[in-house]
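# Observations on chain architecture
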Amino acid sequence: WFEAHIAPVEIEGLDAIAMISLRDLTESRRVERMRVDFVANASHELRTPLASLLGFVETLQGPARDDAATREKFLGIMREQAQRMARLVDDLLSLSRIEQHMHVRPATPVDLTLLVAHIVDTLSQMAEDNGMTIHLDLAPNVVAPGDRDELARVVENLVENALKYGCGDDATKKSVEIALSRKGALVHLTVRDHGPGVAPEHIPRLTERFYRVDAGKSRAKGGTGLGLAIVKHIVLRHRGRLSIESALGEGTLFRVVLPAGDVI
Ligand code: ADP
């Protein structure tokens, strides 16, 4: 799609001449399309738990009013639905805040070695619950200029995903390997699992908002479908790169490359 502007110009010696300028609209149409899809998806994601909440409220006000056991059970489900909506709204707000600040590169020195070790510590219970082991290979004093909370979010999302989706069926496939190193002017962080992996056609789309390979599995595990979109935006704001390699039956490798900073 192109938009044309026609403007008359006069050039000496020529009778009539007009200048036509063309503007490529393909990109702006694509962006507009994505915005419309995003609003529709977000509304749908909120609508589903909201409808379920309303249904339970009606049942509690009607048939289940005097049944204590049912009331307890329903209140538990309602709490879960409300928590799901809260997670979704939090993720939407995070994404929009990061997007608003894309042009400003955060520059506080962050010790990634300490940060990764701390986050793995906080996720050790989740790993145990999922029967997974985390192996760490962290070089000391790896520093990147950035925003500590945002970089923590990147590590947290990638490790949580590896623990959620990277769980293979036999014992040899129940490990997640996290490596951090400095290579020249760059920092490399990798999170590898040995789970079922992702088919090639899905890989480039994993960082799209609300894109999930298996929506039912993602929701059952409490996912909002925004985690990797948030990761990608944070990495880009830090002027870094995110790459994903995966093979069915082999597992998945997420690699974040960031500009390195001086040792604190
Ligand atoms: P969520 O986990 O909330 O669904 P994400 O944006 O974090 O959203 O991930 C998007 C999708 O990418 C997931 O639903 C899942 O299908 C896929 N995915 C993410 N990490 C992995 C992984 N380590 N192994 C296999 N699939 C993954």
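A short tour of the structure in this document, coming up. (Residues numbered from 1 in each chain as written. Predicted model: local features only at pLDDT ≥ 70, side-chain atom pairs only at ≥ 80, totals over all residues. Heavy atoms only, no water.)

## Comments concerning the overall build of the protein chain
- A count of helices and strands for the protein chain gives seven helices and nine strands.
- Relative to the globule expectation of 18 Å for 264 residues, the C-alpha radius of gyration of the protein chain, 24 Å, shows a markedly less compact shape.
- Counting every position in the protein chain, which comprises 264 residues, the buried fraction comes to 38%.
- Residue pairs in contact within the protein chain that sit at least 24 positions apart in sequence constitute 68% of those at least 6 positions apart.
- Total accessible area computed for the protein chain in this model is approximately 15,600 Å², and 55% of it derives from carbon and sulfur atoms.
- Each charge sign in the protein chain was given a centre, from 33 positive and 37 negative side chains, and these centres are 2 Å apart. (Helix = DSSP H or I, 4+ residues; strand = E, 2+ residues; numbered from the N terminus. Rg over C-alpha atoms; globule rule 2.2 N^0.38 Å. Buried < 20%, exposed > 50% of the residue type's maximum accessible area, 1.4 Å probe, protein only. Contact = heavy atoms within 4.5 Å. Areas by Shrake-Rupley, 256 points an atom, 1.4 Å probe, with all protein chains shown as cover. Lys, Arg positive; Asp, Glu negative; His and termini not counted. Charge placed at Lys NZ, Arg CZ, Asp CG, Glu CD.)

## A few points about the packing of helix H5 (residues 148–165) against helix H7 (residues 227–237)
- Two numbers describe how H5 lies on H7: the axes approach to 9 Å, and their chain directions differ by 140 degrees. As for the relative orientation of H5 and H7, their crossing is left-handed in sense. From H5, Glu150, Leu151, Arg153, Val154, Asn157, Leu158 and Asn161 reach across to H7, where they touch Gly227, Leu228, Ile230, Val231, Ile234, Val235 and Arg237. (Axes fitted to C-alpha atoms, helices over the stretch in contact; angles between N-to-C directions. Left-handed = near helix turned anticlockwise from the far one by under 90°.)

## Description of unusual backbone geometry
- One non-glycine residue, Asn141, lies in the positive phi region at around 50 degrees.
- Along the chain, Asn141 turns up in the loop between strand S4 (133–138) and strand S5 (143–146).
- Phi is positive for Phe210, which is not a glycine, with a value near 70 degrees.
- The topology assignment puts Phe210 in the loop between strand S7 (186–193) and helix H6 (215–220).

Geometry only, nothing functional implied.
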